[in-house]
Amino acid sequence: MAQSQFVSDSLALLALEREAEVTENEAILSERLQNTRELEEKGACLQRLQVSSEKVGLYGRRVVTFELATRRRGASAQLPSNSITSGDIVGVFARGQKLAETVLSGVVTQSNDSAVEVAFDDIPDSAHLSSHDGWLQLVRLANDVTYRRIRKSLEELQSYCSGPAHHLVGVMFAEAPPGDPDARYAQLLQLSEGEGEEEHTASPHLQFLNPALDPSQRRAVLLALGRPDVTIIHGPPGTGKTTTTVEVIVQAVGRGEKVLACAPSNTAVDNLVERLARTGTKVVRLGHPARLVGSVMQHSLDALLLARDSAQIIQDVRRDIQGSPR
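Just so we're clear, the structure is a prediction, and the values are computed from it rather than from any experiment.

A.B. asks: When you look at the pattern of salt bridges in this model, what are you seeing that I'm missing?
C.D. replies: Using the criterion set out here, one finds seven salt bridges in the structure. In this structure, E54 engages R62 in a salt bridge whose closest nitrogen and oxygen atoms are separated by 3.1 Å. The exposure class of E54 is partly exposed, given its relative accessible area of 32%. With relative accessibility at 26%, the residue R62 sits in the partly exposed group. A salt bridge links D270 to R285; the shortest N-O distance between them is 2.9 Å. Residue D270 is located in helix α8 (residues 266–278), and its partner R285 is located in the loop between α8 and α9 (301–306); the two are separated by 15 residues in the primary sequence. Considered together, D270 and R285 belong to a single accessibility category, that of buried residues.

Next comes the structure, spelled out in C-alpha cells:
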C-alpha cells in the first residue's frame, strides 16, 4: 500500500472510531442518561461515594481514595460491578450536579472491590472533596489524547517529504529499497552463522552483554545492529525476543546512539524498562505514573524531574500551563 493511501485510509478509520467513542460518551453525559441506575448498568459510573483519604503521591499529585458512603465511621462496603480500571480518566461530580459540569478529572491509579484511587494533577482550592456535602459520583470519560496524537502523527507522515527518516519511510512502504548492511556486522554475521550451536559469548569485534544468548539470538542482534533501517525479529512466545531486543538496545547505546523503545502496551514497556535498568543502562520511562508498575517508577520522567534542584520551578510551570496557579 502506498504511503498516501495508508494515511488516507487510517485517518478515515480513526475518524469513525472517534465518532463512535464521542457518541457513546455524549450519550452517557446527556440528560436522558441522568438516571444513575442506567449509568451503573453500563459500568461507567460509581455513585454514592465519599472520600476516605487524601494524600500527596505520584510525584506531587493529589491522590484521593473514594469508597461507598456508609453510615458507620470506618466501615467500608463493596462497590457495585463496574468497568472503571487503572489508567482510566474519570470525572468527579457532586450529587445532583449535571454531568456536563465536571468538578475535576483525574486518572485512576488503583481499583478494587471496595475503593477507587484517583490521581489529580492539581485540585483547585475551591474543590474540597473530603468535606463535600453529599455524595460524589465517578464517571469514566472519553480520552481524546490518544486520538489527537495519532491524528497528528498521520498528518505529519502525510506531509513528510524530507528529513532523517525520509529513507526509512520509503522502505516501510516499499517505495525504496533497504539500505546496505554495515560491512563489519555483515562479516560478524557470517562468522556467527558458521559457529553451530556451541556456546559462544563474543564475536571477534563484539562482546555480548548477555552471555546466555543462543546462536539465533546473537545472529538477530548482529542483523539489527548492522541494518541502517529495518530489522524484523520474529518468533513464538517465549523464544527470547524481548531478551534479544534488550541486547540490541544496550549495544546501540554503547556505540553512542539514543534509542526510543516503544511497545503496544504499558506492561510491555515496563518489562523493557525493568530489564534495561538491570544492565545499568540509563532509562527514562515516559507516561503517566498512574499507568506504570511500581518497579519502574524511579525511572519515570516525573521522578527524574522531581529529583532535580529545579523541581519546584517545574511544578510551578506545570500549574501555570494547566491554568490553575496557586
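Now that the structure has been shown, we can carry on.
A.B. asks: Is there a simple way to explain the sheet that holds strand β2 (residues 61–68) in this structure?
C.D. replies: What holds strands together in a sheet is hydrogen bonding between their backbones, with the strands either parallel or antiparallel. One closed barrel accounts for six strands, arranged β1-β2-β5-β4-β3-β6; its pairing is antiparallel. Adjacent strand axes in the sheet meet at a mean angle of 50 degrees when their direction is disregarded.

A.B. asks: Mind showing me how you'd approach helix α7 (residues 241–254) here?
C.D. replies: Two residues of an α-helix separated by three or four positions point the same way, owing to the 3.6 residues in each turn. Along its 14 residues, α7 runs 20 Å from first to last C-alpha, staying within 8% of the 20 Å computed at 1.5 Å per residue. By the burial criterion, the buried members of α7 are T244, V246, E247, V248, I249, V250, Q251 and A252. Those residues of α7 hidden inside the fold are in contact with β8 (206–207), α6 (215–226) and α8. Phi turns positive, to about 90 degrees, at G256, one or two residues after α7.

A.B. asks: For this particular structure, what's the right way to read the nonpolar core?
C.D. replies: Generally speaking, soluble globular proteins have nonpolar side chains that are buried together. Judged by nonpolar contacts, the single largest core of 17 residues is most densely connected at L49, F66, V92, V116, V118, F120 and L138. Counting only elements with at least two residues in this core, the list comes to β1 (45–57), β2, β3 (89–94), β4 (104–111), β5 (115–120) and β6 (136–140). In contact with V118, other than residues within four places in its own chain, are R62, V63, V64, F66, V90, G106, V107, V108, T109 and L138. Within the second largest apolar cluster, 16 residues are counted, among which are A119, L292, V296 and M297.

A.B. asks: Where do I start with the environment of H234 in this structure?
C.D. replies: Within the fold, H234 resides in the loop between α6 and α7. Among the residues examined, H234 registers a relative accessible area of 78% and is labelled exposed. Distance in space between the C-alpha atoms of H234 and A220 is 9.5 Å, their sequence separation being 14 residues.

A.B. asks: Could you clarify how one ought to interpret the pairing of β5 in this entry?
C.D. replies: As a general feature of sheets, a regular strand has side chains that alternate between the two faces. Most of β5 sits out of view: six of its six residues are buried. Alternating residues of β5 divide into A115, E117 and A119 and V116, V118 and F120, and every residue in both groups is buried. Inspection of the sheet shows β2 paired to β5 by six bridges, in the antiparallel sense. Looking at the pairing, E67 lines up with A115 of β5. Pairing analysis gives four bridges linking β4 to β5, with the strands arranged antiparallel. Residue pairing across strands places V108 opposite V118, the latter belonging to β5.

A.B. asks: Is there a simple way to think about the packing of α7 against α8 in this case?
C.D. replies: Relative orientation and spacing of two packed helices are given, respectively, by the angle between their axes and the distance between those axes. Interhelical geometry of α7 versus α8 gives an angle of 55 degrees and a closest axis separation of 10 Å. On the basis of the axis angle, α7 is oblique to α8. By crossing handedness, the relation of α7 to α8 is classed as right-handed. On α8, the residues touching T242, T243, T245, V246, I249 and V250 of α7 are N271, L272, R275 and L276.

A.B. asks: Is there a simple way to think about the environment of A165 in this case?
C.D. replies: Along the chain, the position of A165 falls in the loop between α3 (145–159) and α4 (166–172). Sequence separation between A165 and D229 is 64 residues, and the spatial gap between their C-alpha atoms is 9.1 Å.

Parameters and conventions
- Residues numbered from 1 in each chain as written.
- Predicted model: local features only at pLDDT ≥ 70, side-chain atom pairs only at ≥ 80, totals over all residues.
- Heavy atoms only, no water.
- Salt bridge = Lys/Arg side-chain N within 4 Å of Asp/Glu carboxyl O.
- Buried < 20%, exposed > 50% of the residue type's maximum accessible area, 1.4 Å probe, protein only.
- Helix = DSSP H or I, 4+ residues; strand = E, 2+ residues; numbered from the N terminus.
- Pairing = 2+ DSSP bridges.
- Axes fitted to C-alpha atoms, helices over the stretch in contact; angles between N-to-C directions.
- Expected span 1.5 Å × (residues − 1).
- Contact = heavy atoms within 4.5 Å.
- Core = buried A, V, L, I, M, F, W, Y, C linked by side-chain atoms within 4.5 Å.
- Parallel < 35°, antiparallel > 145°, perpendicular 65-115°, else oblique.
- Left-handed = near helix turned anticlockwise from the far one by under 90°.

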